[in-house]
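Coordinates in review
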Amino acid sequence: MAELDHWHPVLLSRELGARPAAVRLCGRELVVFRTGTGVGALSDVCPHRGMRLSEGRVEDGRVVCPYHGWRWAADGRGESPGTATAKPCAEAFDAVERDGAVWVKRAGADAAFPALDVGGWSLVGRLRRRAQAPLEVVLDNFIEVEHTPSMHALLGYPLERMGEVRCEVTATDTTVRVYNEGPQKPLPRALNPLFQLRAGDLFVDDWTVRFSPVHAVYEQYWLDPDTRARRPNALRIGVFFVPVSAQETDVVTLAYSLKSPWARLGLNGLLLGLTRAFLAMEIDRDVALVGRLADKSPALKGRSLGRFDKALVLARKRLEAIYRG
Ligand code: FES
């Protein structure tokens, strides 16, 4: 399956401790573990007699199967304590720990690692959430802003002014970029000074979708409506869409912020914490929403699409060509 050829973030680093962890990716069951010098990933089926390796333990960087004690290294080479001449081999995957997550792809697959370009940005937080919907349906939600008035608490545009929102979509063979600009929906009064915004500011949500793996990188910032000068606050958020199965998709979010002007007062940590909480709330709303859809078919044909849905059609074509191969 071509999907496995791309790097996918299957766990956050903090979710992988000393014990092996079971993960699912594109319907495959894998075991992920720490080797002492890095991370490893194998098929979660012991080649000896089919036990789940994720129910075992890690010793000297190898997974020990709980059934008969055979040991498996990250490159797949196994060892039987009772049959020294045996040379068993498990299916191994390439695995790496980077950006606070554990990433996996098919061994030897020639895929570039996705770059977020966040030098100089402060980490806001990392989240992994599971949506009960297919990859395409989850992606659709994250690449249009028409749902933000009704589904989001803070980020987005007011419903009665959606007609004013600029939505410009441009595409290359490998990317789909969407630039949205319009009035920020009214925020609770205390938030404007805290985040150095003013009532009436324009909210820009500018993202580019790429397909190896399927992910979108958002740049979110605010403009003075008169001068169009950028406010000091900005977010850069990478959201990765990881198919767990045909009907489940993990949404892995790596969020960064420009350093707040309040940093000199020692408030940067507080603002990052608040931003992390707000972001988690918004993503939880998205994940809950797609799980409640009455029709989760990925097909777009036959649907009544609007001007904000253009990116969905463009993304589908590239997803099929690049991601699914
Ligand atoms: S099933 Fe794993 S060692 Fe026998």
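Cut-offs applied
Residues numbered from 1 in each chain as written. Predicted model: local features only at pLDDT ≥ 70, side-chain atom pairs only at ≥ 80, totals over all residues. Heavy atoms only, no water. 1 Å grid on protein atoms, 1.4 Å probe; cavity = no way out; pocket = protein on both sides within 12 Å on 5 of 7 lines; lining within 4 Å. Points joined across faces, edges and corners; volume = space filled by probe spheres on them. Helix = DSSP H or I, 4+ residues; strand = E, 2+ residues; numbered from the N terminus. Nonpolar A, V, L, I, M, F, W, Y, C, P; charged D, E, K, R; others polar. Pairing = 2+ DSSP bridges. Axes fitted to C-alpha atoms, helices over the stretch in contact; angles between N-to-C directions. Contact = heavy atoms within 4.5 Å. Domains from an automatic or database assignment. Buried area = accessible area lost by both parts, 1.4 Å probe. Salt bridge = Lys/Arg side-chain N within 4 Å of Asp/Glu carboxyl O. Polar contact = N/O pair within 3.5 Å; in protein donor to acceptor, adjacent residues only side chain to side chain. Buried < 20%, exposed > 50% of the residue type's maximum accessible area, 1.4 Å probe, protein only.

In this section: the layout of surface pockets. Space inside the largest pocket adds up to approximately 450 Å³. As for the largest pocket, its lining consists of 20 residues, and the residues nearest its centre are Asp-140, Glu-144, Leu-293, Arg-303 and Leu-312. Of all the secondary-structure elements, those providing two or more residues to the lining of the largest pocket are α1 (135–142), α4 (268–291) and α5 (310–323). The element that contributes the greatest number of residues to the lining of the largest pocket is α1, accounting for three residues. For the lining of the largest pocket, the per-class residue count stands at nine nonpolar, four polar and seven charged.

Note on sheets: strands pair through backbone hydrogen bonds, and any given pair is parallel or antiparallel. Spatially, seven strands are ordered β11-β17-β16-β15-β14-β13-β12 in an open sheet, and the strand pairing comes out antiparallel. Across the chains shown, the open sheet's two edge strands, defined by having one partner strand only, are β11 (122–131) and β12 (166–171). Across the sheet, the mean angle from the axis of one strand to that of its neighbour is 15°, orientation sign disregarded. Pairing of strand β16 (residues 230–245) with strand β17 (residues 248–257) involves 10 bridges; the strand directions are antiparallel. Among the inter-strand pairings, Phe-240 is bridged to a residue of β17, identified as Val-252. Set on the sheet, α4 makes contact with β11, β16 and β17; between it and β11 the angle comes to about 20°.

Here the focus is the domain arrangement of the chain. Assigned domains within the chain: domain 1 (2–106) and domain 2 (122–323). Just the C-alpha atoms count here: the centres of domain 1 and domain 2 sit 34 Å apart. A combined buried area of about 1,500 Å² lies between domain 1 and domain 2, and 56% of that area is made up of carbon and sulfur atoms. Along the contact surface separating domain 1 from domain 2 lie two salt bridges. Residues Glu-248 and Arg-24 are paired through a salt bridge, measuring 2.9 Å at the closest nitrogen-oxygen approach. At the surface where domain 1 touches domain 2, the tally comes to 11 residue pairs in polar contact (both at pLDDT 80 or more). The dominant element in the side of domain 1 that touches domain 2, judged by the number of residues it contributes, is strand β1 (residues 8–12), at five residues.

Tallied over the full model, the rule gives three cavities of 30 Å³ or more. In this structure, the second largest cavity is lined by 19 residues; those nearest its centre are His-152, Asp-205, Tyr-218, Gln-220 and Asp-286. The set of elements that each furnish at least two residues to the lining of the second largest cavity consists of α1, β14 (202–211), β15 (214–223), β16 and α4. Per-element tally for the lining of the second largest cavity: the top contributor is α4, with four residues. Tallied by class, the residues present in the lining of the second largest cavity amount to 10 nonpolar, five polar and four charged.

Moving on to the pattern of salt bridges. Summed over the entire model, instances satisfying the criterion amount to 29 salt bridges. Where Asp-206 meets Arg-177, a salt bridge forms, and the shortest distance between an N and an O atom there is 2.6 Å. Residue Asp-206 is located in strand β14, and its partner Arg-177 is located in strand β13 (residues 176–183); the two are separated by 29 residues in the primary sequence. Judged by relative accessible area, Asp-206 falls into the buried class, the value being 11%. The partly exposed category is assigned to Arg-177, whose relative accessible area is 37%. Linked by salt bridges that have partners in common, Glu-3, Glu-136, Glu-320 and Arg-324 make up one network.

Looking now at unusual backbone geometry. Cis geometry is adopted by the peptide bond preceding Pro-213, which originates at Ser-212 and carries an omega value of -5°. For Pro-213, the location among the structural elements is in the loop between β14 and β15. With a phi angle near 60°, Gln-196 is a residue other than glycine that sits in the positive phi range. Locating Gln-196 in the fold gives a position in the loop between α3 (191–194) and β14. Owing to a relative accessible area of 26%, Gln-196 belongs among the partly exposed residues under this scheme.

By the secondary structure assignment, His-8 is in strand β1. Every residue in contact with His-8, bar those within four places of it in the chain, is listed here: Glu-3, Leu-25, Val-102, Trp-103, Val-104, Pro-213, Val-242, Pro-243 and Tyr-323.

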